Amino acid sequence: MFSIAEELESIGMKKGMEQGASEKSREIICTMLRDEQPPELISKYTKEPLEYVYQVKQEMLQYAREETVYHAGGETVEQEK
């Protein structure tokens, strides 16, 4: 019979494993998107919903826009949002 602490630890480990698997899947999706693979193919290979792949793609594009930096006249100027 499990004590409450052991049960909570077990639940925490399960959640941690699920979160780790989700992060790994997201990493794979990002890599495939950078390699210009189509979202449909990524969804097929990762078994993630197509909507999730498009969401990750949109987040990557948003991050890229926010990080875009222009060099004007020797000084660094961030792009207006």
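Scroll up for the structure.
Residue positions are given per chain, counting from 1 as you read along its sequence in written order. Owing to the predicted nature of the model, reporting of local features is limited to residues with pLDDT of at least 70; listing and counting of side-chain atom pairs is limited to 80 or more, with chain, interface and lining totals taken over all residues. As a convention, hydrogens and water are excluded, and side-chain values are obtained from all of the structure's heavy atoms.

(A) Layout of a nonpolar patch on the surface. Taken together, Ile4, Leu8 and Ile11 make up a surface patch of nonpolar side chains, about 320 Å² in accessible area. By the criteria applied, helices consist of DSSP H or I runs no shorter than four residues and strands consist of E runs no shorter than two, each listed in order from the N terminus. Topologically, Ile11 is positioned in helix 1 (residues 4-34). Exposure classes here rest on a 1.4 Å probe applied to the protein chains alone. A residue is buried below 20% of its type maximum, exposed above 50%, and partly exposed in between. Accessibility expressed as a relative area gives 37% for Ile11, which makes it partly exposed. Patch rule: a residue counts if its relative accessible area is over 30% and it has no salt bridge; like charges are joined within 9 Å, and nonpolar side chains (Val, Leu, Ile, Met, Phe, Trp, Tyr) within 5 Å. Surface exposure here means Shrake-Rupley accessible area, sampled with a 1.4 Å probe, where a residue is shielded only by the protein chains that are shown. The salt bridge criterion pairs a side-chain nitrogen of Lys or Arg with a carboxyl oxygen of Asp or Glu, the two atoms within 4 Å.

(B) Examining the pattern of salt bridges more closely. One pass over the full model with this rule turns up two salt bridges. For the salt bridge of Glu27 with Lys24, the shortest nitrogen-to-oxygen distance reads 3.9 Å. Taken together, the residues span about one helical turn, with Glu27 and Lys24 both in helix 1 at a distance of three residues. Residue classification places Glu27 among the partly exposed residues on the basis of a relative accessible area of 47%. Here Lys24 falls in the partly exposed class, since its relative accessible area comes to 47%. Residue Glu59 pairs with Arg26 through a salt bridge whose shortest N-O separation is 2.3 Å. Remark: Arg26 occurs in helix 1 and Glu59 occurs in helix 3 (residues 50-67); sequence separation between them is 33 residues.

(C) Quick peek at helix 2 (residues 39-46). For helix 2, the full list of buried residues reads Pro39, Ile42, Ser43 and Thr46. Seen end-on, helix 2 carries its buried residues on one side only, within an arc spanning 100 degrees. Residues of helix 2 that are exposed and point over 90 degrees away from its buried face: Lys44 and Tyr45. After helix 2 finishes, the residue Lys47 shows a positive phi value of roughly 60 degrees. Throughout, the arc means the angular range of directions from the helix axis out to the C-beta atoms.

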